[in-house]
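# Notes for the structure review
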Amino acid sequence: MRSLSPLSRRILKKAGIAAAFFCSAFLFGSVLSHFTCRALRKAAPVFLSAAPETPVSSVSMPILSSAAENWGLSFPEKGKTPVGNATSEELAAYNAWFAASPEENIIYLTFDCGYENGNTPAILDALQKHQAPAAFFVVGNFLSDQPDLVKRMAAEGHIVGNHTWSHPDMSKISTQEAFSEELNRVSALYQETTSQEMVKFYRPPQGKYSTQNLQMAKDLGYQTFFWSLAYVDWYQDQQPTHEEAFKKLTGRIHPGAIVLLHNTSSTNAEILDELLTKWEEMGYSFGSLDQLTSKSA
C-alpha cells in the first residue's frame, strides 16, 4: 500500500479536525435544545383547579388538549377575563363556555349543588331580593332529597342544570352510553319532579373533562359550562371569613364573568346579599346563562 505524501497527510488531518468540530457542535446544540425545551416546559404556567383563587405569575397561550384535564385559571390582569386551560374560541367548537363577552358588565351566577345543609334557602332569598337569575347545577341525590328546593328554583326563574347523577370523574368515562346515563338519570328525575324539561346545560364534576367528553356532551345537545371566577368555599370545617370571600370575589370579578359558588357554603349564604350589592355598586348587572347562549345562536 502506497504511503501518503506529507501534503495529503496535512489535508486529512485538517479534515479530521473539522469533522470533529462539526460533530461536537451538533452534539452541543442537541443537548442545549433538549435542556432548553425542558426548561421551557418547567417555566410554563400551571393552571390550578384545586385552588382556583391562586394566581399564576406567567401566562402562555392555552391549547385545548385531548388528554384529561382539570379546569383551572390564571389571573394576569385585574378586572380582565382570566386565562383558562383553553380559549373561548376553542371551547366554542364544543358548545362550551367559561366566560362571556368582556364588552358588557354582566355577571352570570352559578351554584354547584352536591347536597343540602341548610344554606340554599338564604341563597335563594338573596337572589330574589336582587332579582338576580342564577343557574343551579344539581346532582342526583340533591334532586331526590330536595324536591321542594328544586321546585322553588324553577318557580323563581332560575335554571336548574345537570351536574351528573353520581358526581364521577367524567373524563374517565369512555363510552357514550355511560356518559349519557349520568346525564339522563338527572334530567328524567327533574322532569318527574317539576313536570318541566331540564335545560341541557352541563357542568363537569370537579371541572374534570376531556375533549372526548366535551364532544359527547355536544352530541347529546348539551352546552358545557366551566367558570371564570371561583374560590375555595367547599370545605365545611374551613369556611372562608367574610373578609376573605369579599376580597376574592370583588377583587377578581370582571365583565362577562361566569361565577362558580357552592350552595353548601355558609359563608356564601351569609354574604350573598351584601356581595350582590357590592357588585351592583361596581356597575355590574346579572344575566342568565340562557341569555348568554341565545346571543351566540
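Residues numbered from 1 in each chain as written. Predicted model: local features only at pLDDT ≥ 70, side-chain atom pairs only at ≥ 80, totals over all residues. Heavy atoms only, no water.

## What to know about the pairing of strand 6 (residues 135-138)
Definition in use: When accessible area is computed with a 1.4 Å probe and restricted to protein chains, residues below 20% of their type maximum are described as buried, those above 50% as exposed, and intermediate ones as partly exposed. In DSSP terms, a helix is any run of H or I states spanning at least four residues, a strand is any run of E spanning at least two, and both are numbered starting from the N terminus. By the convention used here, strands pair only if DSSP detects at least 2 bridges between them. Crossover handedness is defined by viewing with both strands directed away from the observer: a clockwise path from the first strand over the helix to the second marks the crossover as right-handed.
In strand 6, alternate side chains face the same way, and those of Ala135 and Phe137 on one face and Phe136 and Val138 on the other are all buried. Judged from the 4 bridges that link them, strand 5 (residues 106-113) and strand 6 form a sheet pairing that is parallel. If you follow Thr110 over to strand 6, its bridge partner there is Ala135. Running through helix 3 (residues 120-130), the crossover from strand 5 to the neighbouring parallel element strand 6 is right-handed. As defined by bridge partners, strand 6 adjoins strand 7 (residues 159-162) across 4 bridges and the pair is classed as parallel. Bridge assignment links Ala135 to a residue of strand 7, and that residue is Ile159.

## Quick word on helix 10 (residues 289-296)
How we decide: Note: the arc covers the axis-to-C-beta directions of the helix.
By the burial criterion, the buried members of helix 10 are Leu289, Leu292 and Thr293. Axial view of helix 10: buried residues confined to an arc of 90 degrees, hence all on one face.

## Comments concerning the confidence of the model for the protein chain
Short version of the rule: The predictor attaches a confidence to each residue, and that confidence, scored 0 to 100, is pLDDT. Pairs of residues are marked as contacts when any of their non-hydrogen atoms sit within 4.5 Å.
Mean pLDDT over the protein chain stands at 84; residues scoring 70 or higher make up 78%. Across residues 1-60, confidence stays below pLDDT 50; counting only partners more than four residues off in sequence or on other chains, it has 45 contacts.

## Section: the packing of aromatic side chains
The geometry of an aromatic ring pair comes down to the distance between the two centres and the angle between the two planes. The condition that has to hold: A pair of aromatic rings is counted whenever rings of Phe, Tyr or Trp (Trp by its six-membered ring) have centres within 6.5 Å, and the orientation is called stacked for planes under 30 degrees apart, edge-to-face for over 60 and tilted otherwise. A ring is considered to have a charge above it if a Lys NZ or an Arg CZ atom is located within 6 Å of its centre and within 35 degrees of its normal.
With the rule as written, the count across this model stands at 12 aromatic pairs. Measuring from ring centre to ring centre gives 4.7 Å for Trp71 and Phe226, while their planes differ by 20 degrees; the resulting arrangement is stacked. With Trp71 in the loop between strand 1 (69-70) and strand 2 (73-74) and Phe226 in the loop between strand 10 (223-225) and helix 8 (242-251), this pair connects stretches of sequence that are 155 residues apart. For the residue pair Trp71 and Phe226, the accessibility class agrees, reading buried in each case. Each member of the aromatic cluster is reached from another via a ring pair, and the members are Trp71, Phe98, Tyr209, Phe226 and Trp227. For the cation-ring pair, Arg252 lies above Phe75, with the distance from its terminal atom to the ring centre recorded as 4.4 Å.

## Comments concerning the nonpolar core
To keep things clear, this is the line we draw: Definition of nonpolar core: a set of buried residues of the types Ala, Val, Leu, Ile, Met, Phe, Trp, Tyr and Cys, connected through side-chain atoms within 4.5 Å.
Grouped together as the largest cluster of nonpolar side chains are 41 residues, with contacts concentrated most on Leu109, Leu127, Phe136 and Trp279. The leading source of residues in this core is helix 9 (residues 266-281), at 6 residues. Once residues within four sequence positions are removed from consideration, Leu109 is found in contact with Leu127, Ala132, Pro133, Ala134, Ala135, Val259, Leu276, Trp279, Phe286 and Gly287. Membership of the second largest hydrophobic core comes to 16 residues, among which are Trp71, Ala99, Tyr209 and Trp227.

## Some thoughts on helix 6 (residues 176-194)
The test is simple: Expected helix span is taken as 1.5 Å per residue step, with the number of steps being one fewer than the number of residues.
Across its 19 residues, helix 6 extends 27 Å between first and last C-alpha, which sits within 8% of the 27 Å expected from 1.5 Å per residue. Buried residues in helix 6 make contact with strand 6, helix 4 (140-145), helix 5 (147-155), strand 7, strand 8 (201-202) and helix 7 (211-219). Just downstream of helix 6, Ser195 is the residue with a positive phi angle, here 60 degrees.

## Quick word on unusual backbone geometry
Located in the positive-phi region is Gln131, a residue other than glycine, with phi close to 50 degrees. Inspection of the secondary structure assignment puts Gln131 in the loop between helix 3 and strand 6. Phi at Thr164 takes a positive value of approximately 80 degrees, unusual for a residue other than glycine. When you line up the elements, Thr164 lands in the loop between strand 7 and helix 6. Since its relative accessible area comes to 0%, Thr164 is described here as buried.

## Observations concerning the pattern of salt bridges
Pairing of side chains with opposite charge becomes possible as their charged atoms draw close. Condition: Counted as salt bridges are all cases of a side-chain nitrogen of Lys or Arg within 4 Å of a carboxyl oxygen of Asp or Glu.
This structure, assessed with the given rule, holds 6 salt bridges. Linking Arg152 and Glu156 is a salt bridge whose minimum nitrogen-to-oxygen distance equals 2.7 Å. Residues joined in a network through salt bridges with shared partners are Asp125, Arg152 and Glu156.

## A word on the packing of helix 5 against helix 6
Think of two packed helices as two axes; the pair is described by the angle between the axes and how far apart they sit. Put simply, the test is: Between N-to-C directions, angles cover 0 to 180 degrees, with each direction set by a line fitted to C-alpha atoms, over the stretch in contact for helices. Geometric relationships in this document are graded by angle, where less than 35 degrees denotes roughly parallel, more than 145 denotes roughly antiparallel, 65 to 115 denotes roughly perpendicular, and other angles denote oblique. Residue polarity follows a fixed list, in which Ala, Val, Leu, Ile, Met, Phe, Trp, Tyr, Cys and Pro are nonpolar, Asp, Glu, Lys and Arg are charged, and the others, Gly among them, are polar.
Interaxial distance between helix 5 and helix 6 falls to 10 Å at its minimum, and their mutual angle equals 80 degrees. Our classification of the angle between helix 5 and helix 6 gives roughly perpendicular. Contacts from Pro147, Val150, Lys151 and Ala154 in helix 5 reach Tyr190, Thr193 and Thr194 in helix 6. The residue makeup of the contact of helix 5 with helix 6, split by class, is 4 nonpolar, 2 polar and 1 charged.

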